[in-house]
Amino acid sequence: MPQLVRRPPQQPPHDAVARLLVHVPRGQQHLRRPALPPRDRRGERVSAAQPPLVSVVTGAAGGLGTAIVEQLLDRGDLVVAVDTSEGALDALVQRTGFGPDRLLALEADVASAADWQRVREAAVAEFGAPTVLVNNAGISPKHDGAKLLGVDIPLEEWNAVLDVNLTGPFLGIQELATGMAEAGFGRIVNMASLAARSGGLVAGVHYAATKTGLLGVTRSFARELAPSGITVNAVAPGRIDSGMAGMVSDQVNADYAARIPAGRLGTAEDIARTVRFLSDRDAGFITGATIDVNGGSHMQ
Ligand SMILES: NC(=O)c1ccc[n+]([C@@H]2O[C@H](COP(=O)([O-])OP(=O)(O)OC[C@H]3O[C@@H](n4cnc5c(N)ncnc54)[C@H](O)[C@@H]3O)[C@@H](O)[C@H]2O)c1
């Protein structure tokens, strides 16, 4: 079994950190406080026995990402929220009410290796090396509320979906796995989709291809990283009444719900609670798994 190359903890030079797009909404700078010990949203102290997990969540400002960030903050994690949308990050910070001692919002593109390096450097500088990575960012292009048929997808759109949905998680794992291996502990959760199980119904061929590929990424990294104490799992949501599901009409979602055995769309919290479970310290014997969260749309 090849061992990960261990490298000493990275302490970024000040100018590297300064170049980061650390997003602190105006008027919230005063919220900066010493990092530890954390308190949950109710103001209660989080377990003193274990240091808080340092969790990086991508696509953090979207529908599912917001719910995931809230779940991880509620657990007591120090959370690095990564997204390309400055405005949405701003709204996320406002919504949670946490300051940068618990929630660091970073504008970064998951398809960029350079951005991933900056994310790691900022996380290490602010909170310490990340021990949890939630690869949640994803795109599913629509045209007038509908997917393009596979034969009509332009190469540019194909490549854009691969860059975000597949290369993004790959780069994130590459960047953060070494630090997790040095800690002898890590939890990686990749956001797949029901489209990986049964082909894209509402989403295009490129989307289904990336989500299916992500299951291969999950299993292969799970094998390679298990000896280092790192688990790698996937969550495959069915239709969720949040985020990108809003890109199509209510009728499309209602028709979809009618076909789900549970009789409803999922909620962002259904997914976020699953991510919380898989990324918990206690979930150390689950790796390479795909957890279907779809109300019975797909069973195996
Ligand atoms: N909502 C659903 O029904 C559903 C179902 C199955 C799977 N998923 C998956 O769940 C994940 C989250 O979906 P959502 O519904 O919350 O979508 P969303 O569009 O609400 O959120 C996605 C977020 O990712 C961000 N993002 C896009 N490109 C990025 C990039 N290059 N770098 C960093 N951030 C980027 C966006 O700004 C956005 O905030 C996606 O991977 C999606 O494929 C969603």
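Residues numbered from 1 in each chain as written. Predicted model: local features only at pLDDT ≥ 70, side-chain atom pairs only at ≥ 80, totals over all residues.

1. Brief notes about the overall build of the protein
No. 1: Looking only at helices and strands, one finds nine helices and eight strands in the protein.
No. 2: Expressed as a percentage of its 300 residues, the buried residues of the protein come to 46%.
No. 3: Counting only contacts in the protein whose residues sit at least 6 apart along the sequence, the fraction spanning at least 24 positions is 77%. (Helix = DSSP H or I, 4+ residues; strand = E, 2+ residues; numbered from the N terminus. Buried ≥ 20, exposed ≤ 12 C-beta atoms within 10 Å, placed from the backbone. Contact = placed C-beta atoms within 7 Å.)

2. Here we look at helix α5 (residues 155-183)
No. 1: For α5, built from 29 residues, the straight-helix expectation of 42 Å at 1.5 Å per residue is met to within 8% by its first-to-last C-alpha distance of 41 Å.
No. 2: Taken as a whole, α5 carries its principal kink of about 40° at Thr167; the proline Pro169 stands between one and four residues after it.
No. 3: Immediately downstream of α5, the backbone of Gly184 shows phi near 70°, a positive value. (Expected span 1.5 Å × (residues − 1). Bend = angle between axes of the 7 residues up to and from the residue.)

3. Here we look at the environment of Thr212
No. 1: Relative to the helices and strands, Thr212 is located in helix α7 (residues 205-225).
No. 2: Under the C-beta neighbour-count criterion, Thr212 is labelled partly exposed, with 17 such atoms within 10 Å.
No. 3: C-alpha separation for the pair Thr212 and Leu166, spaced 46 residues apart in sequence, amounts to 9.4 Å.

4. As for the confidence of the model for the protein
No. 1: For the protein, per-residue confidence averages 89 on the pLDDT scale, and residues scoring 70 or more make up 84% of the total.
No. 2: Overall, residues 5-21 carries pLDDT values under 50, and its contacts beyond four positions in sequence, including any with other chains, amount to 21 contacts.
No. 3: This stretch, residues 27-34, has a pLDDT under 50; its non-local contacts, to residues over four places away or in other chains, come to eleven contacts. (pLDDT = per-residue confidence, 0-100.)

5. What about the nonpolar core?
No. 1: Val56, Val57, Ala81 and Val82 are the most contacted members of the largest nonpolar core, which has 78 residues in total.
No. 2: Here this core takes nine residues from α5, the largest share from any one element.
No. 3: Non-local contacts of Val82, meaning those with residues more than four positions away in its chain, are made with Val56, Val57, Thr58, Ala60, Leu106, Ala108, Val110 and Val119. (Core = buried A, V, L, I, M, F, W, Y, C linked by C-beta atoms within 7 Å.)

6. A closer look at the site of the ligand
No. 1: In the vicinity of the ligand lie 30 residues, with Gly59, Gly62, Leu64, Gly138 and Gly243 positioned nearest.
No. 2: Listing elements by their share of the shell around the ligand, those giving two or more residues are α2 (63-75) and β3 (78-83).
No. 3: The element best represented in the shell around the ligand is α2, accounting for three residues.
No. 4: Residue composition of the shell around the ligand, by class: 14 nonpolar, 13 polar and three charged. (Near = placed C-beta within 6 Å. Nonpolar A, V, L, I, M, F, W, Y, C, P; charged D, E, K, R; others polar.)

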